[in-house]
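Listed here are the chains, written in short residue letters.
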Amino acid sequence: MGRLRRRQAEGTQTRDAAFFKPQSGPAAGDPFFKPAAAGDAPVLQKEDAPGAAQEEEKKDPITEGLKTAAEKLGENESFKKWYEPRLTRLKYTLWDRASPAEKAAMLSFAGVNLGMAGLAFASNPQLRETLSGVNIGKLLGLIPYSPIDGFSYKLPAAGKHETEFSADFTLGPYLDLWKKRPAYIPSGATFGLESGYDPTGRGFNLTGGKFGLDFLDGALKAEGKTFKSLSPYPMLMPGMAPGYEPTWLMNQTPGMPDLQRPGFQFMLNMDILKLFPGLKKRF
């Protein structure tokens, strides 16, 4: 019988048998695979952003809730119709009953506070940014017989240089003093002006306006205003097939951009029941 002999192949490196033996535990002497003790493990803790805790402490839920409720109540048209006439009567009653000395004191007090507010406004850039877009002229409307009904401004947006201004005026207090005015004289009149100031070259210029006239104690209203853009909606869409009626598309998402076409809009509103009170018995 012949003998079998083990012969090493040329050019091939052999490995020791211990190389192919699987490890049952971490490599000896290797600190990477050594488990860390419970006391040596790092402690992970989430940290809040700087100032987040202070902002949460400053916001009182009751205050924020009352602020939101007051804003929503001020936007309610029914509430406006209820409180504005009463506030106007109270304002003029207090003013008419005051003596000349008291009226002078009230005007002086209002002038001093207005000057201090203007000084703070001029010296504080953050205050100017905060009040951008706010109707700061509404407070001037609380002064009896004040023709100013509102004033606001908007700081230039990113990449622009023009500051926008908007002012609203009313002639209602002066028309109310005219007790025996003819029927064709408006019982209320308001108008507004929009302007802008561009320090890079255009300077100060008028950009728009609006007006409103009330006749016959509000039974007939005429309103007009300028606009810089026009919404494409509602849009008349053709029928789905020949013979089908066209439909009006009121809006869509995503919507089409506004049409950049400046123009003028005029509206005439009529309250039939105010013009003809006898019709109330039939409805």
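Above this note sits the structure.
Residues numbered from 1 in each chain as written. Predicted model: local features only at pLDDT ≥ 70, side-chain atom pairs only at ≥ 80, totals over all residues. Heavy atoms only, no water.

A. Structural view of the side chain of Ser187. Considering the arrangement of structural elements, one finds Ser187 in the loop between helix H6 (172-177) and strand E3 (188-198). A relative accessible area of 14% means that Ser187 is categorised as buried. Polar side-chain contacts of Ser187 include one of 3.4 Å to the backbone nitrogen of Asp217. (Helix = DSSP H or I, 4+ residues; strand = E, 2+ residues; numbered from the N terminus. Buried < 20%, exposed > 50% of the residue type's maximum accessible area, 1.4 Å probe, protein only. Polar contact = N/O pair within 3.5 Å; in protein donor to acceptor, adjacent residues only side chain to side chain.)

B. Representation of the sheet that holds strand E8 (residues 263-270) in the model. Taken in spatial order, the six strands line up as E1-E2-E3-E4-E5-E8 in an open sheet, and their pairing is antiparallel. A strand with exactly one partner marks an edge of an open sheet, and here the two such strands are strand E1 (148-154) and E8. Mean inter-strand twist for the sheet, computed between neighbouring axes without regard to direction, equals 15 degrees. Both strand E4 (residues 203-215) and strand E5 (residues 220-227) contribute to a ladder of six bridges, which runs antiparallel. Along E5, the bridge assignment pairs Leu213 with Ala222. (Pairing = 2+ DSSP bridges. Axes fitted to C-alpha atoms, helices over the stretch in contact; angles between N-to-C directions.)

C. Structural view of the pattern of salt bridges. Applying the stated criterion to the full structure yields one salt bridge. The residue Lys210 makes a salt bridge to Asp168 at a minimum N-O spacing of 3.6 Å. In this pair, Lys210 is assigned in strand E4 and Asp168 in strand E2 (residues 163-170), connecting sequence segments 42 residues apart. Taking relative accessible area as the criterion, Asp168 reaches 21% and is therefore assigned partly exposed. (Salt bridge = Lys/Arg side-chain N within 4 Å of Asp/Glu carboxyl O.)

D. Representation of the side chain of Ser146 within the structure. For Ser146, the position within the fold is in the loop between helix H5 (125-130) and E1. Accessibility expressed as a relative area gives 12% for Ser146, which makes it buried. Separated by 3.4 Å, the side chain of Ser146 and the backbone nitrogen of Ile148 make a polar contact. Other than its neighbours up to four places away in sequence, Ser146 contacts Leu140, Thr170, Pro173 and Tyr174. (Contact = heavy atoms within 4.5 Å.)

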